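Residue-level listing of the chains:
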Amino acid sequence: MGVFFRRHLPHIHVPGATYFITFRLAGSLPGEALMCVQEAYQAYLGRLECTLSGSAMQAERYRAQKRYFAHLDTLLDQVRYGPRWLAQKECAQIVATCIRELAPIQTLAAPCAC
């Protein structure tokens, strides 16, 4: 069992698990686009509260969070302006090194022979 907590999205920390992390530089998305996506997401959640409850609402909230994340991820993939520091190998390496220092990998699994 892991530890569960909430911030912007629910998080569960499971010992030994692998996690996917998205980093976004400030200014990498136009503020208007980000606000529009966030407002649409919050409005949808508000409508859910009027129509669903219990486990049905929890399940739909989870699906909505996944769609929200996917929408932001798509927008980030399409960005052609703004800061792109992580596209520079040296900068990306600094960030990767810092992440590894915060949570060192204890063991590496053998490569898959698939």
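Definitions and limits used
- Residues numbered from 1 in each chain as written.
- Predicted model: local features only at pLDDT ≥ 70, side-chain atom pairs only at ≥ 80, totals over all residues.
- Heavy atoms only, no water.
- Helix = DSSP H or I, 4+ residues; strand = E, 2+ residues; numbered from the N terminus.
- Contact = heavy atoms within 4.5 Å.
- Areas by Shrake-Rupley, 256 points an atom, 1.4 Å probe, with all protein chains shown as cover.
- Axes fitted to C-alpha atoms, helices over the stretch in contact; angles between N-to-C directions.
- Parallel < 35°, antiparallel > 145°, perpendicular 65-115°, else oblique.
- Nonpolar A, V, L, I, M, F, W, Y, C, P; charged D, E, K, R; others polar.
- Core = buried A, V, L, I, M, F, W, Y, C linked by side-chain atoms within 4.5 Å.
- Buried < 20%, exposed > 50% of the residue type's maximum accessible area, 1.4 Å probe, protein only.
- Polar contact = N/O pair within 3.5 Å; in protein donor to acceptor, adjacent residues only side chain to side chain.
- Salt bridge = Lys/Arg side-chain N within 4 Å of Asp/Glu carboxyl O.
- Patch = residues over 30% accessible without salt bridge, like charges linked within 9 Å, V, L, I, M, F, W, Y side chains within 5 Å.

**A short note on the overall build of the protein**
So, step 1. If you tally the helices and strands in the protein, you get three helices and two strands.
So, step 2. What you see in the protein, going N to C, is helices and strands ordered as β-β-α-α-α.
So, step 3. Within the protein, contacts between residues separated by at least 24 positions form 51% of all contacts whose residues are at least 6 apart in sequence.
So, step 4. Within the structure as shown, the protein displays about 9,500 Å² of accessible surface, and the carbon and sulfur contribution to it stands at 62%.

**Remarks on the packing of helix 1 (residues 31–51) against helix 2 (residues 54–78)**
So, step 1. Interaxial distance between helix 1 and helix 2 falls to 11 Å at its minimum, and their mutual angle equals 170°. When the interaxial angle is binned, helix 1 and helix 2 end up roughly antiparallel. Contacts between helix 1 and helix 2 involve L34, V37, Q38, Y41, Y44, L45, L48 and E49 from the first element and M57, E60, R61, A64, Q65, R67, Y68, H71, L72 and L75 from the second.
So, step 2. Class assignment of the residues belonging to the contact of helix 1 with helix 2 gives a composition of eleven nonpolar, three polar and four charged.

**Examining the nonpolar core**
So, step 1. The biggest cluster of nonpolar side chains holds ten residues, and these are L29, L34, V37, Y41, L45, L48, A64, Y68, L72 and V79.
So, step 2. Elements supplying a minimum of two residues to this core: helix 1 and helix 2.
So, step 3. Residue contributions to this core peak at five residues, all from helix 1.
So, step 4. Those residues in contact with L34 that lie beyond four places of it in its chain are R24, L29 and L72.

**So, the side chain of E60**
So, step 1. Structurally, the position occupied by E60 is in helix 2.
So, step 2. A polar contact of 3.0 Å, which involves the side chain of E60, links it to the side chain of R67.
So, step 3. Beyond its immediate chain neighbours, meaning those up to four positions away, E60 contacts Y44, L48, L52 and R67.

**Observations concerning the pattern of salt bridges**
So, step 1. One pass over the full model with this rule turns up three salt bridges.
So, step 2. A salt bridge links E60 to R63, with the shortest nitrogen-to-oxygen separation between them at 3.0 Å. Note that E60 and R63 are positioned in helix 2 at a spacing of three residues, about one turn of the helix.
So, step 3. Overall, E60 belongs to the buried group, its relative accessible area being 11%.
So, step 4. Taking the relative accessible area as the measure of exposure, R63 reaches 41% and is therefore partly exposed.

**So, a nonpolar patch on the surface**
So, step 1. A cluster of nonpolar residues, I12, V14, Y19, I21, F23, L86 and I99, forms a patch on the protein surface that exposes about 630 Å² of accessible area.
So, step 2. Turning to its location among the elements, F23 is positioned in the loop between strand 2 (10–13) and helix 1.
So, step 3. The exposure class assigned to F23 is partly exposed, which follows from its relative accessible area of 48%.

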